[in-house]
Amino acid sequence: MSYFPRDRAWHPPALTPSYKTSVLRAPQQALLSMPTTASEETGPVFGHDLLGPDDNDLIRNFRRAGGEAIGQRIVVYGRVLDETGRPVPGTLLEFWQANAGGRYRHKNEGYRAALDPNFGGCGRTITDERGAYHFRTVKPGAYPWPNGVNDWRPAHIHFSVFGHAFAQRLVTQMYFEGDPMIWQCPIVRTIPDRSAVEQLVAALDRQATIPMDSLAYKFDIVLRGRRSTMFENRMEGN
Ligand SMILES: [Fe+2]
């Protein structure tokens, strides 16, 4: 067994004024260590039987009147791995995203792009014994957001990864290979290490495409150590 110390340069500093929201969110006092309690470590937990058959199919899981979501159909797949490359089975993954036009189904959304009546924008799945997961969706569009005068987010999918207890949750974002907007995004640019950003970019996988149906993108999530994914709720390096 090897111990991999956390590389604190991997995560952005908490205070990154070019990402405006971080100014109010960043701690202004010294951090306190808060030991977890028994209830946080033991429950509540989710049940595997709570997942529905369409939960990992965003093209259909919100559809109305038999329609399907509009957009470029894609499969996103990969594995959840620990720092030594071992698979992590039984992990609940949740994902959420804008529709193909870049619009979220949210009451505070301010972008003019249209909602898709057949697209909800969220789903979930559980990793199998190989740590593998997959889901089907449409490629999200880029969208503007109120940060600078005219800032846009690159196409992305948000991920939440649950461990075996409710308090063990990590959150990150996945981007798409070849998207020039990744490198001008104020949120992405808070990540100091270019290779950390590159680990958030899913690779187009021509071998996994489905002819006349879907493109495929591969996105592995690594939970700790030198190859760790950059998790946005772990910026203080807990
Ligand atoms: Fe987003």
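Rules used in this analysis
Residue positions are given per chain, counted from 1 along the sequence in the order it is written. Note on the predicted model: pLDDT of at least 70 is required for a residue's local features to be given, and 80 or more for side-chain atom pairs to be given and counted; whole-chain, interface and lining totals, by contrast, use all residues. UniProt positions are given in the numbering used here, feature names are shortened, and annotations may be inferred rather than shown by experiment. Numbering of helices and strands runs from the N terminus, with a helix taken as a DSSP run of H or I at least four residues long and a strand as a DSSP run of E at least two residues long. Three exposure classes are used, based on other C-beta atoms lying within 10 Å of a residue's own C-beta, which is placed from the backbone: buried for 20 or more, exposed for 12 or fewer, and partly exposed in between. A pair of strands counts as paired when DSSP detects no fewer than two bridges linking them. To define a nonpolar core, we join buried Ala, Val, Leu, Ile, Met, Phe, Trp, Tyr and Cys residues through C-beta atoms within 7 Å and take the resulting set. Each residue gets a C-beta atom placed from its backbone, and two residues are in contact if those atoms lie within 7 Å.

The protein chain is annotated in an unreviewed UniProt entry as Protocatechuate 3,4-dioxygenase subunit beta of Aureimonas glaciei. Taken from UniProt, the Sequence similarities (unreviewed entry) comment for the protein chain reads in full: "Belongs to the intradiol ring-cleavage dioxygenase family."

Peer 1: Pulling in residues and values, what's your account of the overall build of the protein chain?
Peer 2: Scanning the protein chain from terminus to terminus reveals three helices and 11 strands. Helices (α) and strands (β) of the protein chain occur, in sequence order from the N terminus, as α-α-β-β-β-β-β-β-β-β-α-β-β-β. Overall, the C-alpha framework of the protein chain stretches about 50 × 45 × 35 Å when taken along its three principal axes. Here the protein chain holds 238 residues, and the buried ones make up 30% of them.

Peer 1: Can you tell me about the pairing of strand S1 (residues 73-81), naming the residues and giving the values?
Peer 2: Here seven bridges tie S1 to strand S4 (residues 132-138), and the two strands are oriented antiparallel to one another. Considered in S4, the bridge of isoleucine 74 is made with threonine 137. Pairing analysis gives two bridges linking S1 to strand S11 (residues 221-222), with the strands arranged parallel. Among the inter-strand pairings, leucine 81 is bridged to a residue of S11, identified as valine 222.

Peer 1: Can you explain the UniProt feature "domain: Intradiol ring-cleavage dioxygenases" (unreviewed entry) in the protein chain? Please cite residues and give values.
Peer 2: Within the UniProt annotation, "domain: Intradiol ring-cleavage dioxygenases" (unreviewed entry) is assigned to residues 76-104. The span residues 76-104 shows a helical share of 0% and a strand share of 38%, and its end C-alpha atoms are spaced 19 Å apart.

Peer 1: Please provide a residue-by-residue account of unusual backbone geometry, values included.
Peer 2: For residues besides glycine, phi is generally negative; the peptide bonds are generally trans as well. You will see that methionine 212, though not glycine, has its phi angle at about 60 degrees, which is positive. Inspection of the secondary structure assignment puts methionine 212 in the loop between strand S9 (201-204) and strand S10 (215-218). Residue methionine 212 is classed as exposed on the basis of its 6 C-beta neighbours within 10 Å.

Peer 1: Please give an account of the nonpolar core that cites residues and values.
Peer 2: The nonpolar side chains of a soluble globular protein tend to be buried with one another. Val76, Phe159, Met174, Tyr175, Ala202 and Tyr217 are the most contacted members of the largest nonpolar core, which totals 38 residues. Ranked by residue count, the leading element in this core is S1, at four residues. Apart from the residues lying within four places of it in its own chain, the contact partners of methionine 174 are His156, Ile157, Phe159, Leu200, Ala202 and Phe219.

Peer 1: Let's hear about the environment of alanine 9: which residues, and what values?
Peer 2: Mapping alanine 9 onto the fold places it in the segment before helix H1 (21-25). Separated by 184 residues in sequence, alanine 9 and aspartate 193 place their C-alpha atoms 7.5 Å apart. Those residues in contact with alanine 9 that sit more than four places away from it in its chain are Pro192 and Asp193.

Peer 1: Kindly report on the environment of asparagine 61, identifying the contributing residues and their values.
Peer 2: Relative to the helices and strands, asparagine 61 resides in the loop between helix H2 (38-42) and S1. Residue asparagine 61 is classed as buried on the basis of its C-beta count, with 22 C-beta atoms lying within 10 Å. Not counting chain neighbours up to four residues away, the residues in contact with asparagine 61 comprise Asp54, Asp55, Gly120 and Gly123.

Peer 1: Help me get a handle on the environment of cysteine 185, residues and values and all.
Peer 2: On the secondary structure map, cysteine 185 appears in the loop between strand S8 (169-176) and helix H3 (194-198). Sequence-wise, cysteine 185 and arginine 153 are 32 residues apart; in three dimensions their C-alpha atoms are separated by 5.8 Å.

Peer 1: Explain the pairing of strand S2 (residues 92-96) to me, using residue names and the numbers behind them.
Peer 2: Pairing of S2 with strand S3 (residues 122-126) involves five bridges; the strand directions are antiparallel. Across the sheet, the residue bridging to leucine 92 is isoleucine 126, located in S3. For S2 and strand S7 (residues 156-162), the ladder comprises five bridges, and the chain directions are antiparallel. Following the sheet pairing, tryptophan 96 is matched in S7 by histidine 158.

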